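Remarks on the overall topology
Given next are the chains, with one letter for each unit.
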Amino acid sequence: PLADGVKVLANTAELTALEFADETGARHLVALNRKGGAVNLPGVLSTDAYVAYARKEGEKVTAAALLNGKALTAWGTDAAKLAPKAEAVTAP
């Protein structure tokens, strides 16, 4: 099961960060940053987003996503440039 390989990097009232591998061997980082603002887990994750995600295949970070943030460094790579740019959408 996927949950067997989950490594908890941070688990506080303000920050939850997890790292895990999928069945292909790709590594994933997920961070939930309750108040936003800068957080840093040296060598692994640095972000200002409320929610941050990154995927690493081999030695290359191949995908990222940010919610309400601009900065994301994952495994020493500037991953923010990989994150799609959000567009404001107004519901009818």
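Before any of the text, the structure's been laid out above.
The notes below deal with the structure included here.

1. Focus on the side chain of Glu-19
Within the secondary structure, Glu-19 is located in strand β2 (residues 15-21). Classification of Glu-19 by relative accessible area gives buried; the value is 9%. Engagement of the side chain of Glu-19 in a polar contact is seen with the side chain of Trp-75, the distance being 3.2 Å.

2. Things to note about the sheet that holds strand β6 (residues 51-57)
Spatially, the five strands line up as an open sheet ordered β1-β2-β3-β6-β7, and their pairing is antiparallel. Two strands bound the open sheet, and with one partner strand each, they are β1 (7-11) and β7 (60-67). Here the average twist between neighbouring strands, direction ignored, is 10°. Taken together, the four bridges between β1 and β2 define a ladder with antiparallel strand orientation. Along β2, the bridge assignment pairs Val-8 with Leu-18.

3. Quick word on unusual backbone geometry
Phi is positive for Asn-68, which is not a glycine, with a value near 55°. Along the chain, Asn-68 turns up in the loop between β7 and β8 (72-74). For Asn-68, a relative accessible area of 56% puts it in the exposed group.

4. Focus on the pairing of β7
With seven bridges joining them, β6 and β7 adopt antiparallel strand pairing. Residue pairing for β7: Val-51 is matched across the bridge by Leu-67. Hairpin connection from β6 to β7: two residues lie between these consecutive antiparallel strands, with Gly-58 at a positive phi of about 65°.

5. So, the sheet that holds strand β4 (residues 39-41)
Taken in spatial order, the four strands make up an open sheet running β4-β5-β8-β9, and their pairing is antiparallel. Edge positions in the open sheet fall to β4 and β9 (77-78), since each of these has one partner strand only. As paired strands, β4 and strand β5 (residues 45-47) are joined by three bridges and run antiparallel to one another. Among the inter-strand pairings, Asn-40 is bridged to a residue of β5, identified as Ser-46.

6. What about the side chain of Thr-47?
On the secondary structure map, Thr-47 appears in strand β5. Here the side chain of Thr-47 touches Ala-49 through a polar contact of 3.1 Å, landing on its backbone nitrogen. Residues within four places of Thr-47 in sequence aside, it is in contact with Asn-33, Gly-37, Ala-38, Val-39, Ala-52, Leu-66, Ala-71 and Leu-72.

7. Considering the nonpolar core
Ranked by internal contacts, the top residues of the largest apolar core, which has 20 residues, are Leu-45 and Leu-72. For this core, the secondary structure elements donating two or more residues are β2, β3 (27-33), β4, β6, β7 and β8. Leaving out residues up to four positions away in the same chain, Leu-45 has contacts with Ala-17, Leu-29, Ala-31, Val-39, Asn-40, Leu-72 and Thr-73.

Analysis parameters
Residues numbered from 1 in each chain as written. Predicted model: local features only at pLDDT ≥ 70, side-chain atom pairs only at ≥ 80, totals over all residues. Heavy atoms only, no water. Helix = DSSP H or I, 4+ residues; strand = E, 2+ residues; numbered from the N terminus. Buried < 20%, exposed > 50% of the residue type's maximum accessible area, 1.4 Å probe, protein only. Polar contact = N/O pair within 3.5 Å; in protein donor to acceptor, adjacent residues only side chain to side chain. Pairing = 2+ DSSP bridges. Axes fitted to C-alpha atoms, helices over the stretch in contact; angles between N-to-C directions. Contact = heavy atoms within 4.5 Å. Core = buried A, V, L, I, M, F, W, Y, C linked by side-chain atoms within 4.5 Å.

The analysis is restricted to geometry; functional conclusions fall outside its scope.
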